[in-house]
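Analysis of the macromolecular model
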Amino acid sequence: MAVSVSRDLTVLVSEDVNAIKLSDRQQALRAAIRRGEPKSLGVSQIMLGLMVMSYSIPLHCTHMTEVVSFGVPWWTGLTFITAGAVAIVLDKHCTMKILWGCLIASGASMLLSVVAVIIYSVDMDRNPALLCDKTPENGYCSDEHYITALSRGLKSVLLLFTVAQSVISAVVCFLLLRQRRGFEQYACLNQDAPSTPTSVTPPHLN
């Protein structure tokens, strides 16, 4: 709201059209982003991150392979949790800065997921499960067979979780990019729009 006084002492009260336009853009952006359900996608990312980190704990009891030595489940899990938390914040506080932060976090999560998938694939190819060679004495498989079978099974599950996370991150990036293109002028709303003045004439003093 802008207030001005003319030469004849007439008070002009006008509404700031830029502020109204900014508020309308905020409401439209919030409604558009919430149609993409960022909260549910963020919760899914956090759950996947927690599951990746929890499923990786038994791997430390097996052989030290590339996945364990590089700490792949830990930095991917933390990245998933961070991207999900930013997506939840975007659902509650919809601003362009948080939208960009969510876009960057989801993009980093997607790229790291691709890197993790490559590491999982190479690790599983180099470290296959040993065959079960039963001995005539006890009729049981060797301990190495069970250890490598457990390691390979856990890595297969982690690989599936990572692929699912990469898909979710790609969906989030697509939705945010589509909304950003529709509101490119939102961050630089500096156009001077004419205000609609309302004339208020003070009472005559006798």
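Residues numbered from 1 in each chain as written. Predicted model: local features only at pLDDT ≥ 70, side-chain atom pairs only at ≥ 80, totals over all residues. Heavy atoms only, no water.

Glancing now at the overall build of the protein. Secondary structure assignment for the protein yields six helices and three strands. Entry remark: accessible area of the protein is about 12500 Å², with carbon and sulfur atoms responsible for 64%. (Helix = DSSP H or I, 4+ residues; strand = E, 2+ residues; numbered from the N terminus. Areas by Shrake-Rupley, 256 points an atom, 1.4 Å probe, with all protein chains shown as cover.)

What follows covers the packing of aromatic side chains. Each aromatic ring pair is described using two quantities: the centre-to-centre distance and the angle formed by the ring planes. Scanning the entire structure with this criterion turns up one aromatic pair. Taking the centre distance of 5.4 Å and the plane angle of 85° together, the rings of Y55 and F161 count as edge-to-face. Pair noted here: Y55 is in helix α2 (residues 38-55) and F161 is in helix α6 (residues 143-182), with a separation of 106 residues, a long-range link. Judged by its relative accessible area of 34%, Y55 is partly exposed. (Phe/Tyr/Trp six-rings, centres within 6.5 Å; stacked < 30°, edge-to-face > 60°. Buried < 20%, exposed > 50% of the residue type's maximum accessible area, 1.4 Å probe, protein only.)

As a further point, take helix α4 (residues 72-92). A rise of 1.5 Å per residue sets the reference length of α4, with its 21 residues, at 30 Å; its end C-alpha atoms lie 31 Å apart and thus fit the reference within 8%. Turning to α4, its buried residues are V72, P73, T76, G77, T79, F80, A83, G84, A87, I88, L90 and D91. (Expected span 1.5 Å × (residues − 1).)

Before going further, it helps to spend a moment on the confidence of the model for the protein. Any residue range with low pLDDT should be treated as having predicted coordinates unsuitable for detailed reading. Summing up the model confidence of the protein, the mean pLDDT is 76 and the portion of residues at 70 or higher is 67%. Confidence, expressed as mean pLDDT per element, reaches its minimum in the protein at strand β3 (residues 197-200) with 46 and its maximum at α4 with 91. Low pLDDT (under 50) marks residues 186-202, which in the prediction has 33 contacts with non-local residues, meaning those over four places away or in another chain. (pLDDT = per-residue confidence, 0-100. Contact = heavy atoms within 4.5 Å.)

If you look at the biggest cluster of nonpolar residues, it comprises 26 residues, and the most contacted ones within it are L59, V67, V72, C102, Y120, V172 and L176. Secondary-structure elements contributing two or more residues to this core are α2, α3 (66-69), α4, α5 (96-126) and α6. The element contributing the most residues to this core is α6, with nine residues. When residues no more than four places from it in sequence are discounted, the contact partners of L176 are L90, L99, C102 and L103. (Core = buried A, V, L, I, M, F, W, Y, C linked by side-chain atoms within 4.5 Å.)

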